[in-house]
Amino acid sequence: MNIVNGMIPDNNTTVSLRILSTTDVHACLMDYDYYRDQPDPSIGLVRTAALIASARDEVPNTLLVDNGDLIQGTPLGTYAAKKYAAMKQGKGPYVHPAIRVMNAMGYDAATLGNHEFNYGLDMLDDVIAGADFPYVNANVYFDEGLGLEPEECGRNRYKPYVILDKRCLDDAGQAHDIRIGLIGFVPPQIMDWDQANLEGRVKVKDILLSALEWVPKMKEEGADLVVALAHTGFDGKVALTDGNAENAVYPLSLVPGIDALTFSHTHHVFPADRHLLDASFKDESGELLPDIHLEKGTIHGIPAVQAGFGGGHLGVIDLSLQFRQGRWQVVEGTSSVRRLEKEEDAERDT
């Protein structure tokens, strides 16, 4: 599993891996504000693509993921949903425009956000089917009340995780296969927000408990590292004992076996300058919560990133892996966020 051309890597062989993350794109594919009916260079996946290309050029080994809330949020998203409804009436094939863009950009994996469920499960199934990359979610299950066969009751509705065999170059230019596990989560509150679409069809389990169940299985299956694609936000008041938390990143970062976190949902940015950081990362006196390291971009020592919304930011996690005791291990990790240039920035530079 760690062998390339019959050779085992030497101990302390080092590989650098960069994980790039978009999130909460909300159907902002173009750099255009549909509500104001004018261009907006601070948003749009078409412009985030330039950030992605630049970040890819800087290092030999990269992975590109999306953290959900992709297909809803602009008139373009509404139009795509109407086109889907027309397709269901026999008026031709349908591939969601956001998926077309992501296929062209070479995404490696994605997870579901709560707004993916707004248009119903049938449309969501077809959206996922059009992707050239896997979608993962570990905490949405078939509801036992569906009249399913006993062996189907309670099983995952989506792939809980995938393990990708990634060919990576080490610092000396030698190739190695590294097994990267990707797992996804969504807030249990989708059962309230989209009750009409979901009641009686699915149920959603607690994010933290789902992670504690599935991450060890990923390690047993041979994942060298585990990256959680968590469509959930940060709330420093959430404790390990709080069940069905909407924003569960703080306790999720304590789950053994998770090596990196991409998170989302609240449209904030992490890491960020202290004065720009959302209040959820601070205590009542305004001080940064313990175990948050802004310079490294870590939470409880785990590199974590939240890339805003609308394609306006790109999340970057840089991991250093070493081959130790017969397997690849993460020995260091940092995160950062890259922002699309705004008009005033461009004017200042000219």
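The preceding data block contains the structure.
Since we're looking at a predicted model, the values are computed, not measured. (Residues numbered from 1 in each chain as written. Predicted model: local features only at pLDDT ≥ 70, side-chain atom pairs only at ≥ 80, totals over all residues. Heavy atoms only, no water.)

Draft legend 1. Seen up close, helix α7 (residues 207-220). In a regular helix each residue adds 1.5 Å, so 14 residues correspond to 20 Å; α7 covers 20 Å between its end C-alpha atoms and thus fits that length. Turning to α7, the residues buried within the fold contact β7 (140-142), β8 (161-169), β9 (175-185), β11 (225-230) and α8 (249-252). With a side-chain oxygen lying 3.1 Å from the backbone nitrogen of Leu208, the N-terminal cap of α7 falls on Asp206. Looking at the residues trailing α7, positive phi occurs at Gly222, about 105 degrees. (Helix = DSSP H or I, 4+ residues; strand = E, 2+ residues; numbered from the N terminus. Expected span 1.5 Å × (residues − 1). Contact = heavy atoms within 4.5 Å. Polar contact = N/O pair within 3.5 Å; in protein donor to acceptor, adjacent residues only side chain to side chain.)

Draft legend 2. Quick peek at the layout of surface pockets. In this structure, the largest pocket encloses a volume near 270 Å³. Lining the largest pocket are His267, His268, Val269, Pro271, Ala272, Asp273, Leu276, Asp278, His313, Val337 and Arg339. (1 Å grid on protein atoms, 1.4 Å probe; cavity = no way out; pocket = protein on both sides within 12 Å on 5 of 7 lines; lining within 4 Å. Points joined across faces, edges and corners; volume = space filled by probe spheres on them.)

Draft legend 3. Spatial organisation of the pairing of strand β4 (residues 62-66). Within β4, 5 of the 5 residues are buried, which leaves it mostly tucked inside the rest of the structure. By the alternation rule, side chains of β4 split into Thr62, Leu64 and Asp66 and Leu63 and Val65, which are all buried. The sheet contact formed by strand β1 (residues 14-22) and β4 spans 5 bridges and is parallel. Opposite Leu20, over in β4, you have Leu64 as the bridge partner. By the bridge criterion, 2 bridges tie β4 to strand β5 (residues 109-111) in an arrangement that is parallel. Bridging across to β5, Val65 finds its partner in Ala109. (Buried < 20%, exposed > 50% of the residue type's maximum accessible area, 1.4 Å probe, protein only. Pairing = 2+ DSSP bridges.)

Draft legend 4. Seen up close, the packing of aromatic side chains. For the structure on display, the rule yields 10 aromatic pairs. For the ring pair Phe234 and Tyr250, a centre distance of 5.0 Å and an interplane angle of 55 degrees mean the geometry is tilted. Within this pair, whereas Phe234 is found in the loop between β11 and α8, its partner Tyr250 is found in helix α8, the two being separated by 16 residues in sequence. Each ring, one from Phe263 and one from Phe270, has its centre 6.1 Å from the other, and the planes form 45 degrees; the classification is tilted. One aromatic cluster is present, formed by Phe234, Tyr250, Phe263, Phe270 and Phe281 through successive ring pairs. Geometry around Tyr141 places Lys205 over its ring, the cationic atom sitting 4.1 Å from the centre. The ring of Trp214 has Lys217 lying over it, and the distance from NZ or CZ to the ring centre is 4.4 Å. (Phe/Tyr/Trp six-rings, centres within 6.5 Å; stacked < 30°, edge-to-face > 60°. Lys NZ or Arg CZ within 6 Å of the ring centre and 35° of its normal.)

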